[in-house]
Amino acid sequence: MKHGLPSLIAIALLGTSAPAAFAGGAAVTYDLGIGSAYVWRGITFTDGAVFQPALTVSHESGFGFNVWGNMDIDDVNGLSGDFQEVDLTASYGFGGDKLSAEIGYIEYLFPNGVGPSTSEVYFSLGLDTALSPSLAIYYDFDQVDSFYGTLSVEWGRELNGGWKYAVGLLAGFAADDYAIHYGGTEGGLYNGEARLTLTYEQDSWSGGGFVAYTDTLDKKVLPNQAVDFYGGFFVSF
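Please read all numbers here as calculations on a predicted model, not as lab measurements.

Rules of the game
- Residue numbers run consecutively from 1 along every chain, following the written order of its sequence.
- Per-residue local features are limited, in this predicted model, to residues with pLDDT of at least 70; the limit for side-chain atom pairs, both in listing and counting, is 80 or more; totals at the level of whole chains, interfaces and linings are taken over all residues.
- Each side-chain value is worked out from all heavy atoms of the structure, with water and hydrogens disregarded.
- Helix and strand labels come from DSSP, where a helix needs a run of H or I of at least four residues and a strand needs a run of E of at least two; each type is numbered from the N terminus.
- Only protein chains enter the accessibility calculation, which uses a 1.4 Å probe; a residue is then buried when its area is under 20% of its type maximum, exposed when over 50%, and partly exposed in between.
- Should any heavy atoms of two residues lie within 4.5 Å, those residues are considered in contact.
- In this description, accessible areas are obtained by the Shrake-Rupley approach with a 1.4 Å probe, and a residue is regarded as covered only by the protein chains that are shown.
- We define a salt bridge as a contact between a side-chain nitrogen of Lys or Arg and a carboxyl oxygen of Asp or Glu at a distance within 4 Å.
- Counted charges follow a simple rule, with Lys and Arg positive, Asp and Glu negative, and His plus the chain ends left uncounted.
- Contacts described as polar in this section are N or O atom pairs within 3.5 Å, which, within protein, must combine one atom able to donate a hydrogen with one able to accept it, while residues neighboring in sequence count only if both atoms come from side chains.
- Residues belong to a common nonpolar core when they are buried Ala, Val, Leu, Ile, Met, Phe, Trp, Tyr or Cys residues joined through side-chain atoms within 4.5 Å.
- For two strands to be treated as a pair, DSSP must find no fewer than two bridges joining them.
- For patches, a residue must show more than 30% relative accessible area and have no salt bridge; joins then use 9 Å for like charges and 5 Å for nonpolar side chains, namely Val, Leu, Ile, Met, Phe, Trp and Tyr.
- By convention, charge coordinates are those of NZ in Lys, CZ in Arg, CG in Asp, or CD in Glu.
- Each residue gets a pLDDT score, which is the predictor's confidence in that residue and runs from 0 to 100.

Turning to the overall build of the chain, a few remarks are in order. Each helix and strand counted, the chain has 2 helices and 15 strands in total. When burial is assessed residue by residue, the chain has 43% of its 237 residues classed as buried. When contacts within the chain are restricted to residue pairs at least 6 apart in sequence, those whose partners lie at least 24 apart make up 49%. For the chain, the accessible surface area stands at approximately 11,000 Å², while carbon and sulfur atoms represent 62% of it.

The next point concerns the pattern of salt bridges. Under the defined criterion, the tally for this structure stands at 4 salt bridges. In this structure, Lys164 and Glu158 form a salt bridge, with 3.9 Å as the shortest nitrogen-oxygen distance. Its salt-bridge partner being Glu201, residue Lys164 comes within 3.5 Å of it at the nearest N-O pair. On the criterion of sequence distance, the pair formed by Lys164 in strand E12 (residues 163-174) and Glu201 in strand E13 (residues 188-201) is long-range, its members being 37 residues apart. By relative accessible area, Glu201 is classed as partly exposed at 26%. Salt bridges sharing partners connect three or more residues here, namely Glu158, Lys164 and Glu201.

When you line up the elements, Leu151 lands in strand E11 (residues 146-158). Each C-alpha atom, one on Leu151 and one on Gly172, is 6.5 Å from the other, the two residues being 21 residues apart in sequence. Apart from the residues within four sequence positions on either side, Leu151 is in contact with Ser134, Leu135, Leu169, Leu170, Ala171 and Phe173.

Among the secondary structure elements, Glu85 is positioned in strand E7 (residues 83-95). The buried charged residue Glu85 lacks any salt bridge, with Arg41 as its nearest oppositely charged partner at 9.1 Å. Within the structure, the side chain of Glu85 is placed 2.7 Å from the side chain of Tyr38, a separation counted as a polar contact.

Of all hydrophobic cores here, the largest spans 22 residues; its most connected members are Trp40, Ile43, Tyr178, Tyr182 and Tyr190. Secondary-structure elements contributing two or more residues to this core are strand E3 (38-40), strand E4 (43-46), strand E5 (50-59), strand E8 (99-109), strand E10 (134-140) and helix H2 (176-181). Here Ile43 is in contact with Tyr38, Tyr182, Tyr190, Leu222 and Gln225, once residues within four sequence places are set aside. The next biggest cluster of nonpolar side chains, apart from the first, holds 6 residues, and it includes Ala37, Phe210, Val227 and Tyr230.

As a further point, take the pairing of E12. Bridge analysis of E11 against E12 gives 11 bridges, and the strand direction is antiparallel. Within E12, the position partnered with Glu158 by the bridge is Lys164. Counted between consecutive antiparallel strands, the loop separating E11 from E12 contains 4 residues, among which Gly161 sits at a positive phi close to 75°. With 11 bridges connecting them, E12 and E13 associate as antiparallel partners. Bridge pairing in E13 places Trp163 opposite Tyr200.

Let's shift gears to a negative patch on the surface. Residues Asp145, Asp176, Asp177 and Glu186 make up a contiguous surface patch of negative charge. Checked against the element boundaries, Glu186 lands in the loop between H2 and E13.

Per-chain confidence: the chain averages 90 in pLDDT, with 90% of residues scoring 70 or above. Every residue in residues 3-19 scores below 50 in pLDDT, and together they form 64 contacts with partners more than four places removed in sequence or on other chains.

A positive phi angle, near 55°, is found at Arg41, a position not held by glycine. Here Arg41 lies in the loop between E3 and E4. Of note, the phi angle at Asp145 is positive, near 55°, even though the residue is not glycine. With respect to the secondary-structure elements, Asp145 resides in the loop between E10 and E11. On the accessibility criterion, Asp145 (46% relative accessible area) is partly exposed.

A separate point is the pairing of strand E14 (residues 206-216). Bridge count for E13 against E14 is 11 bridges, and the pairing is antiparallel. Residue pairing in the sheet places Gly192 in a bridge with Asp215 of E14. Where E14 lies against strand E15 (residues 229-236), 8 bridges are found, and the strand directions are antiparallel. Pairing of Ser206 across the sheet is with Ser236, part of E15.

In structure tokens:
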């Protein structure tokens, strides 16, 4: 289940990208990522290598559409070479120079019967300051009928020769029904994550890698998971 909005969450898609422009203010971006595991909101979905491609179409008006998939490479879930999940996201971003916002809809599909499909709507706010703080709220109105949210910050710097690095911190929180649906016993602080990303950018493509540490913030809300450390490589064009 791909995370949608703030830059720290978007790194779960494995990349920062340089879009190709088309007539009418539209652009398309292709992302290809390899990860050592598939971790979503602190939950281990695949404790093994995964392939995560994506296609994003965006417009200068703020509207966008994204297709993202997760394919197991290791035969951890009996789905080696098959897509475990495909997510469809429609979004609209707006705001000014400092404060930006985004609303959207996500459809989570599981083509090989890993789980029932479900749907979310979300809203996010981001502030363009030194630490780029952001808040995102997700409401699953289908299978879960409850809320999940994140607070995140990210700090980065440009290096010589097209290189950049970024350090991000994220804390998740969940309502009672959301936590219980995913194995907890009560709502509260959910998952925490720290991430280091290194990116190399050129005019029409970018690439790089990341390492991350994730853990539960309260075992009553999110039980311990199989994966704490994970990482990956990405290329976008």
